[in-house]
Amino acid sequence: MTFHRNRINRTSVLVGVVALWAAAGIGAATATASPPTTSPPQRAEVAAAPAPVAAEPASLTEQRGRPTVSRAPWGKTPDGTPVERYTVKNSHGMTVRILSYGGIIQSLQAPDRRGHKANVVLGFDNLQDYVDKSPYFGAIIGRYANRIAKGTFTLDGTTYRLPVNDGPNTLHGGTKGFDKIVWTATTFTTPKTAGVVLRHTSPDGDMGFPGKLTTQVTYTLDQKNQLRMDYRATTDAPTVINLTNHAYFNLAGEGSGDIYDHRLKIWAKSYTPVDKTLIPTGEIAKVAGTPFDFRRSTAIGDRIREDDQQLIYGLGYDHNWVLDRSSGTGLQRAARARDPQSGRILTVSTTEPGLQFYSGNFLDSTLVGTSGRMYRQGDAFTLETQHYPDSPNQPNFPSTVLRPGEEFRSSTIYGFSAS
Ligand code: BGC
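Once a new chain begins, its residue numbering starts again from 1 and follows that chain's sequence as written. pLDDT decides what is reported in this predicted model: residues at 70 or higher carry local features, side-chain atom pairs at 80 or more are listed and counted, and totals for whole chains, interfaces and linings draw on all residues regardless.

(A) Local environment of the overall build of the protein chain. In this description a helix means any DSSP run of H or I spanning at least four residues, a strand means any run of E spanning at least two, and both kinds are numbered starting from the N terminus. Within the protein chain, the secondary structure is distributed over three helices and 31 strands. Relative to its 419 residues, the protein chain shows a buried fraction of 52%. Two residues qualify as being in contact provided that their C-beta atoms, derived from the backbone, are within 7 Å of each other. Sequence separation of 24 or more characterises 67% of the internal contacts of the protein chain that already satisfy a separation of 6 or more. Residues with at least 20 other C-beta atoms within 10 Å of their own are called buried, those with 12 or fewer are called exposed, and the rest are partly exposed. The C-beta atoms themselves are positioned from the backbone.

Structure below.
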């Protein structure tokens, strides 16, 4: 895996509103010869913050206007494992609720241009629905986000077989991926941030993947309305890895209707076309002259019904964009979405090379969400930062191989503002 370390500090001014891309981001995806980190949570990669201190009672920290984190029981899985919900709050109008089950972002309140808050992610108000029928709402995806063709790949001469769960392919880590396990969670606060560290060790052979994988995901909310995700993993045998978060966004508020008016910009000149099972053909195609050109901000719905074979295969957008990355390999801008009604803006920056933009095509009116409203096709979109789909079978794509002695690292920031 070719990973590097870098830093960006980029500020974008949007009609009088500061859209923060990635302030002081450190901790880019990197492969180093460092020993496996099975030690307590490492916070070094999170924005030059002081060492974390134990979470103190919300009442105390709220008085000081600092971000807070609290936790509460949120039911039990069918096998009796207790699940907790963590509420992370800042003093600038954002509240994020994270479950230990699946590392799920269960709700995310963000202010609009008048300061009115809404929950801008799809989800459920109870654990059972997540267990029974969630299409990965808000979850951490692993060991391999997106598809692996025919559920098989060969690494160092050995062929591995994974459970297929999406037509002939493996999707999002197989039948029981990282979205369906209960993570071990700890909380932290610093003067300017609060968050949750989630840890999970996936045994050798889990879902067919080789190597014992030790994984850590840190969610950090700051006072600039940025939610940062830092992923780390080590292995004791060669394996493949691709981690992401699968939040479904509707910047007008979940359950409020479709997202076709949202305007989207993606910093990408190319994308990876797919076959009819949504596996990349291997081609890196130019977006110019196609409905996949989001280099200028365009409404999601403008071209979604065009007679385009790729849109027909995906029932809309369900593709990986090849992000334009400058020589630096740290956090770089990837996408920006804006809801014209509320003015809410989501900016995405990442260390990853790819971005899956999925326009909620498979939402089919069968799920009733957090606010009691039913979700229909196009009621949300995802912007999943990732390596390209099916990389283990695509020699010309950036490698997703992780070896013992290396450390997988990647970071993504979802920033919220309004104008
Ligand atoms: C995939 C879609 C899939 C969705 C929910 C997305 O990441 O690209 O094809 O339907 O996840 O499973």
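(B) Inspection of the site of the ligand at higher detail. Residues in contact with the ligand, as listed here, are Pro 135, Tyr 136, Leu 278, Asp 318, Gln 356, Tyr 358, Phe 362 and Glu 384. Note on residue classes: Ala, Val, Leu, Ile, Met, Phe, Trp, Tyr, Cys and Pro are nonpolar, Asp, Glu, Lys and Arg are charged, and everything else, Gly too, is polar. By residue class, the composition of the shell around the ligand is five nonpolar, one polar and two charged. Using a C-beta atom placed from the backbone, a residue is scored as near a molecule or strand whenever that atom is within 6 Å of it.

(C) Layout of the sheet that holds strand 5 (residues 95-99). For two strands to be treated as a pair, DSSP must find at least two bridges joining them. Strand order in the open sheet formed by five strands is 3-4-5-6-7, with antiparallel pairing between adjacent strands. One side of each edge strand has no neighbouring strand; the edge strands of this open sheet are strand 3 (68-76) and strand 7 (117-119). On average, each strand axis in the sheet is tilted by 15 degrees relative to the strand beside it, whichever way the strands run. Looking at chain direction, strand 3 and strand 4 (residues 82-89) are connected through seven bridges and run antiparallel. Residue pairing in the sheet places Val 69 in a bridge with Val 88 of strand 4. Only C-alpha atoms enter the line fits that serve as axes; for helices the fit covers just the stretch in contact. Angles between N-to-C directions range over 0 to 180 degrees.

(D) The arrangement of unusual backbone geometry in detail. In this structure, Arg 143 follows Gly 142 across a cis peptide bond, with omega equal to 0 degrees. Located in the positive-phi region is Asp 156, a residue other than glycine, with phi close to 50 degrees. Residue position: Asp 156 is located in the loop between strand 10 (152-155) and strand 11 (158-161). Positive phi, normally seen in glycine, also occurs at Leu 315, with a value near 60 degrees. Turning to its location among the elements, Leu 315 is positioned in the loop between helix 3 (309-314) and strand 23 (318-322).

(E) Representation of the pairing of strand 11 in the model. In this structure, strand 10 lies alongside strand 11, joined through four bridges in antiparallel fashion. Bridging across to strand 11, Leu 155 finds its partner in Thr 158. Hairpin connection of strand 10 to strand 11: two residues between the antiparallel strands, including Asp 156 at a positive phi of 50 degrees.

(F) Looking closely at the environment of Asn 393. Note that Asn 393 resides in the loop between strand 29 (382-386) and strand 30 (401-402). Among the residues examined, Asn 393 registers 18 C-beta atoms within 10 Å and is labelled partly exposed. For the pair formed by Asn 393 and Leu 155, sequence separation is 238 residues and the distance between their alpha carbons is 9.4 Å. Ignoring any residue separated from it by four or fewer positions in sequence, one finds Asn 393 in contact with Ile 148, Ala 149 and Phe 153.

(G) Spatial organisation of the sheet that holds strand 23. The strand order across the open sheet formed by five strands is 21-20-23-26-29, and the pairing between neighbours is antiparallel. Looking at which strands have only one partner, the edges of the open sheet turn out to be strand 21 (285-286) and strand 29. As paired elements, strand 26 (residues 354-358) and strand 29 share five bridges and run antiparallel to each other. When the sheet's bridge partners are listed, Gly 354 is paired in strand 29 with Gln 386.

(H) Summary view of the environment of Leu 251. Looking at the element boundaries, Leu 251 is found in the loop between strand 18 (244-245) and strand 19 (263-266). Linking Leu 251 and Asn 119, residues 132 residues apart in sequence, is a C-alpha distance of 8.2 Å. Once you skip the residues sitting within four places of it in the chain, Leu 251 turns out to touch Val 120, His 262, Ala 337, Asp 339, Ser 342, Arg 344 and Leu 346.

(I) Up close: the nonpolar core. Ile 98, Val 196, Phe 249 and Leu 355 are the most contacted members of the largest nonpolar core, which totals 93 residues. It is strand 31 (residues 408-418) that contributes the most residues to this core, five residues altogether. For Val 196, the residues in contact, after removing those within four places along its chain, are Val 69, Tyr 86, Val 88, Ile 98, Ala 185, Thr 187 and Tyr 219. We define a nonpolar core as a collection of buried residues of the types Ala, Val, Leu, Ile, Met, Phe, Trp, Tyr and Cys that are connected via C-beta atoms lying within 7 Å of each other.

(J) Representation of the pairing of strand 23 within the structure. For strand 23, the tally of buried residues reaches four of five residues, placing the bulk of the element in the interior. Pairing geometry for strand 20 (residues 270-272) and strand 23, over three bridges, is antiparallel. Within the sheet, the bridge partner assigned to Ser 270 lies in strand 23 and is Val 322.

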